[in-house]
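# Understanding the architecture of this molecule
Okay, here's what each chain looks like letter by letter:
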Amino acid sequence: GESVGLHLPTLSVQEGDNSIINCAYSNSASDYFIWYKQESGKGPQFIIDIRSNMDKRQGQRVTVLLNKTVKHLSLQIAATQPGDSAVYFCAEKKEGSSNTGKLIFGQGTTLQVKP
Amino acid sequence: DTAVSQTPKYLVTQMGNDKSIKCEQNLGHDTMYWYKQDSKKFLKIMFSYNNKELIINETVPNRFSPKSPDKAHLNLHINSLELGDSAVYFCASSQAHRENRFFGSGTRLTVV
C-alpha cells in the first residue's frame, strides 16, 4: 500500500505486505530529513533519518528514499506488522541551520495494519 | 527511568485559569523543546532552550512562558487559558550536534 502525503492521510495495508508512506517536503534548501512514528497516547519516536547527500538509507525493515529533484521523501516498511500501526511524520531541517534549529514537521500519515 | 518525562499527562481546566506543565530529561542533553500538537496531529515547535537559554521562540502568545531552571528541566506556564489552547503538548530534548529529538509522552490539555 502507498500514501501520498497530505492528500491521503490514512493508509490501510494487509499484515505482511510492504507499506510506502510518502512525504512532499517544502524547502529545497533542507539538508536533513527524519521519520518519526507516533503510537496512540505516546510521543513521536525516531525511526530513521537521511541527509541530503544521500538518496537511500536502510534500517531494520525500513528504508528511506530521498528524491531532491521533486522534493519527495518516502518511508518503506517491509512485511508490515500490527505493531507498525501508528501515525508517521516526516520532518525536514533547513540547510545551514544549527542541529538544534527548527525541524518542520509534515502533517502525518496514519498507517492501519489489517490482520 | 523514562528519558523525557512530563507531568501531568492529562490536564482539564477552565478558561481563564493559569496552569503549568513540567518536563524533565535524564539523557544529559543540552537542548530542550516544547511542541504543540493540534487535533489534526500537526506538530509545531513553540520554544527551544539550549543550556537554559532561549534559542527558538515561535509566534506564540506571550501567555505562554517557558522556564528552564537547569538544563535538565523545561517547564511551560500558561496564563489566562483559552479554548484554543486545547491540544497535546510535547516536551523533547536533543544532544549537542545531533538533530534527533527525543519526545516525552505528551500532556493533553483540555480547556473548558
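Residues numbered from 1 in each chain as written. Chains lettered and ligands numbered in written order. Predicted model: local features only at pLDDT ≥ 70, side-chain atom pairs only at ≥ 80, totals over all residues. Heavy atoms only, no water.

## Overview of the sheet that holds strand β7 (residues 64-70) of chain B
Residue and element names in this part refer to chain B. Spatially, β1-β3-β8-β7 is the arrangement adopted by the four strands of the open sheet, whose pairing is antiparallel. At either margin of the open sheet sits one strand with a lone partner, and together these are β1 (4-7) and β7. Taken over all neighbouring pairs, the strand axes of this sheet differ in orientation by 20° on average, direction set aside. Judged from the four bridges that link them, strand β3 (residues 19-25) and strand β8 (residues 73-78) form a sheet pairing that is antiparallel. Paired with glutamate 24 across the bridge in β8 is histidine 73. (Pairing = 2+ DSSP bridges. Helix = DSSP H or I, 4+ residues; strand = E, 2+ residues; numbered from the N terminus. Axes fitted to C-alpha atoms, helices over the stretch in contact; angles between N-to-C directions.)

## Let's talk about the confidence of the model for chain A
For chain A, the average pLDDT comes to 89, and 87% of its residues sit at 70 or higher. The model gives residues 3-7 of chain A a pLDDT under 50, and that stretch makes ten contacts with residues more than four places away or in other chains. (pLDDT = per-residue confidence, 0-100. Contact = heavy atoms within 4.5 Å.)

## Description of the sheet that holds strand β6 (residues 62-67) of chain A
The pairing of strands in a sheet comes from backbone hydrogen bonds and takes either a parallel or an antiparallel form. Residue and element names in this part refer to chain A. Spatial ordering of the open sheet is given by β2-β7-β6-β5, a layout of four strands whose pairing is antiparallel. For this open sheet the edge positions go to β2 (19-24) and β5 (56-58), each flanked by a neighbour on one side alone. Each strand of the sheet is rotated relative to its neighbour by a mean of 15°, with strand direction disregarded. As paired strands, β2 and strand β7 (residues 72-77) are joined by six bridges and run antiparallel to one another. The partner of asparagine 22 across the bridge, within β7, is serine 74.

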